[in-house]
Amino acid sequence: MASSKVVSTNPDLPRDSSISPICSLLSDLNPTSMDDLLKSITPAAKTVDDVWKEIVGGAAAHPAANDDTLQMTLEDFLTKAGAVREEDVRGGGGGGGPSSLPFPLPEGSSSSVEPFGNGVAPSPSVHKGKRRAVEEPVDKATLQKQRRMIKNRESAARSRERKQAYTSELEFLVHQLEQENARLLNEEADMRRQRKKQLVECIIPIEVMSKPKKKLRRVNSAPSSL
Amino acid sequence: MPRSLDPLVIGRVIGDVLDPFTCCVSMRIIYNNSHEVINCCELKPSQIINQPRVEVGGDDLRNCYTLVMVDPDAPSPGNPNQREYLHWLVANIPGTTGANFGEEVVGYESPRPMSGIHRIVFILFRQTGRQTIYAPGWRQNFNTRDFSELYNLGLPVAATYFNCKRQNVSARDGTGRAR
């Protein structure tokens, strides 16, 4: 469940790299050509691309929506893949079904998976080590590692979101405050101009009313008439 | 603000908790008279022990508002099986006043995240009139959308959120290095 969540919600992964793990996984188990394999898996003439487009289309339409539905779509697809492929390999075996998903599920029952693994006997040719480990979900350590990797990826995505959201908020606030600042400065300049005008109007009467010049007068001394 | 730049969208608050809405009433949330909440800021549990001052905008004293405070990442963001955890619910807040003028339906419980970084979201709804809002039976698994529908509150008129993570003082090495 967690594994499919990564593939569906991580927007950073380009589509190709998201599909290739599934495709290489499938091709590893059955040496037939990719197209044949896909045709056998999806007899309803739906290719991987179609299903993937649906998933991505669904994600695009509801960007923040229901991870659950996306998970189920991918899981369903893998269920179909697992069930149908198993039948192909074992010639219509009755067992398996969803419980023998090649893609590790946390509660994958190891007993039903084992015969599957033996039955297929994947050709030990050009595999990347990681892909092989995924094919043998009995290995709990790898399961855990996978789970941890997925959780880490989600956590990283959340961290990036947080950073982006915070930056966005700050940018918005800066813009808002700059506008308010400009507005307030303008207002202040206006008010200052008004006040100055008022003062200038009041000043003129004062200037007109000048004090009469004081004439010097003798008070305590006598006129000098020598 | 265009949808794609809205922190509420980027931070997935719109999506996980709310539907897209148009903010039309101002709402200011201030803790301890010094920490104002802005979207996606980080606050420590020690700073949010007591309920914040909430200033509701609007222009009419007769309008009533409901404030909801939830944590959609309980108990941890990677596994939010208690989404959303209801921390506070105040109803019948008169416009232009604060939360302390409303009726506290669910008392303020200080968030104490145990693991991961939690988003704590405040949502403001405008009531059609004065109404009685009942407390849910329990705080966890609260659903803001359903709550709004139940009381006919419509879309939110304001929302904001902050991040909070566990404040750790490591006893082992005693350095008090924050996690």
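Since this is a predicted model, take the numbers as computed values, not measurements.

We now examine the overall build of chain B. A tally of regular secondary structure across chain B gives three helices and nine strands. Reading chain B from its N end, one meets helices and strands in the order α-α-β-β-β-β-β-β-β-β-α-β. For chain B, restricting intrachain contacts to residue pairs at least 6 apart in sequence, the fraction spanning at least 24 positions comes to 72%. Counting every atom, chain B has about 8700 Å² of accessible surface; 48% of that belongs to carbon and sulfur.

For the rest of this paragraph, the subject is the packing of aromatic side chains. Residues and elements named next belong to chain B. Applying the stated rule across the entire model yields six aromatic pairs over all chains. With a centroid separation of 6.0 Å and an interplanar angle of 80 degrees, the aromatic rings of Tyr31 and Phe162 are classed as edge-to-face. Of this pair, Tyr31 sits in strand 1 (residues 27-31) while Phe162 sits in strand 9 (residues 158-165); the two residues are 131 residues apart in sequence, bridging distant segments of the chain. For Tyr31, a relative accessible area of 0% gives the class buried.

Our focus in this paragraph is the environment of Glu104 of chain B. Residue and element names in this part refer to chain B. Mapped onto the secondary structure, Glu104 falls in strand 7 (residues 103-106). With 29 residues separating them in the primary sequence, Glu104 and Ile133 have C-alpha atoms 9.7 Å apart. Among the polar contacts made by the side chain of Glu104, one reaches the side chain of Trp88 at a distance of 2.7 Å.

Any two side chains of opposite charge can pair, on the condition that their charged atoms come close. Residues and elements named next belong to chain B. Using the criterion set out here, one finds 16 salt bridges over all chains in the structure. The shortest N-O distance in the salt bridge between Arg145 and Asp19 comes to 2.9 Å. Separated by 126 residues along the polypeptide, Arg145 in helix 3 (residues 144-150) and Asp19 in the loop between helix 2 (13-16) and strand 1 bring together distant segments of the chain. A residue is classified by how much of its surface remains accessible, and Asp19, at 34% relative accessible area, is partly exposed. Taking the shortest distance from any N to any O, the salt bridge between Asp73 and Arg83 comes out at 3.7 Å. Placement of Asp73 in the loop between strand 5 (64-71) and strand 6 (85-94) and of Arg83 in the loop between strand 5 and strand 6 is noted, with a sequence separation of ten residues between them.

This paragraph deals with the sheet that holds strand 1 of chain B. Residues and elements named next belong to chain B. With antiparallel pairing, three strands are arranged side by side in an open sheet as 2-1-4. The outermost strands of the open sheet, each flanked by one partner alone, are strand 2 (35-36) and strand 4 (53-56). Where strand 1 and strand 2 come together, two bridges link them in antiparallel fashion. Among the inter-strand pairings, Tyr31 is bridged to a residue of strand 2, identified as His35.

Every contact between the two is made by 14 residues of chain A and, on the other side, 19 residues of chain B. Approximately 1400 Å² of surface area, both sides summed, lies buried where chain A meets chain B, with 58% of it carried by carbon and sulfur atoms. Where chain A meets chain B, there are one salt bridge. Scanning the region where chain A abuts chain B turns up four residue pairs in polar contact (both at pLDDT 80 or more). Each residue belonging to the side of chain A that touches chain B can be placed in one class, and the counts come to six nonpolar, two polar and six charged.

So, on to the sheet that holds strand 9 of chain B. Taken together, the six strands give an open sheet; going across it, the order is 3-9-8-5-6-7 (chain B), and neighbouring strands pair in mixed fashion. For this open sheet the edge positions go to strand 3 (41-42) and strand 7 of chain B, each flanked by a neighbour on one side alone.

Time to look at the environment of Lys165 of chain B. Residues and elements named next belong to chain B. Mapping Lys165 onto the fold places it in strand 9. Classification of Lys165 as partly exposed rests on a relative accessible area of 27%. Remark: the alpha-carbon pair of Lys165 and Arg119, spanning 46 residues in sequence, is separated by 8.9 Å.

What follows covers the environment of Tyr65 of chain B. All names here are of chain B. For Tyr65, the location among the structural elements is in strand 5. Looking at Tyr65, the relative accessible area reads 0%, which means it is buried. Distance in space between the C-alpha atoms of Tyr65 and Gly102 is 8.3 Å, their sequence separation being 37 residues.

Now for the side chain of His118 of chain B. Residue and element names in this part refer to chain B. Positionally, His118 belongs in strand 8 (residues 117-126). Classification of His118 by relative accessible area gives buried; the value is 2%. Only 3.2 Å separates the side chain of His118 from the backbone oxygen of Pro75, close enough to count as a polar contact. A polar side-chain atom of His118 sits 2.8 Å from the main-chain carbonyl oxygen of Ser115.

Attention now goes to the pairing of strand 5 of chain B. Residue and element names in this part refer to chain B. Across the eight residues that make up strand 5, a large majority, eight, are buried. What you see with strand 5 is no split at all: Cys64, Thr66, Val68 and Val70 on one side and Tyr65, Leu67, Met69 and Asp71 on the other are buried throughout. Where strand 5 lies against strand 6, seven bridges are found, and the strand directions are antiparallel. Residue pairing for strand 6: Met69 is matched across the bridge by Trp88. Alignment of strand 5 against strand 8, held across six bridges, turns out to be antiparallel. Following the sheet pairing, Leu67 is matched in strand 8 by Leu124.

Okay, the side chain of Thr160 of chain B next. Positionally, Thr160 of chain B belongs in strand 9. Here Thr160 of chain B is in contact with Leu8, Met27, Ile29, Val37, Ile38, Asn39, Ile120, Val121 and Phe122 of chain B, once residues within four sequence places are set aside.

Cut-offs used in this document
- Residues numbered from 1 in each chain as written.
- Chains lettered and ligands numbered in written order.
- Predicted model: local features only at pLDDT ≥ 70, side-chain atom pairs only at ≥ 80, totals over all residues.
- Heavy atoms only, no water.
- Helix = DSSP H or I, 4+ residues; strand = E, 2+ residues; numbered from the N terminus.
- Contact = heavy atoms within 4.5 Å.
- Areas by Shrake-Rupley, 256 points an atom, 1.4 Å probe, with all protein chains shown as cover.
- Phe/Tyr/Trp six-rings, centres within 6.5 Å; stacked < 30°, edge-to-face > 60°.
- Buried < 20%, exposed > 50% of the residue type's maximum accessible area, 1.4 Å probe, protein only.
- Polar contact = N/O pair within 3.5 Å; in protein donor to acceptor, adjacent residues only side chain to side chain.
- Salt bridge = Lys/Arg side-chain N within 4 Å of Asp/Glu carboxyl O.
- Pairing = 2+ DSSP bridges.
- Buried area = accessible area lost by both parts, 1.4 Å probe.
- Nonpolar A, V, L, I, M, F, W, Y, C, P; charged D, E, K, R; others polar.

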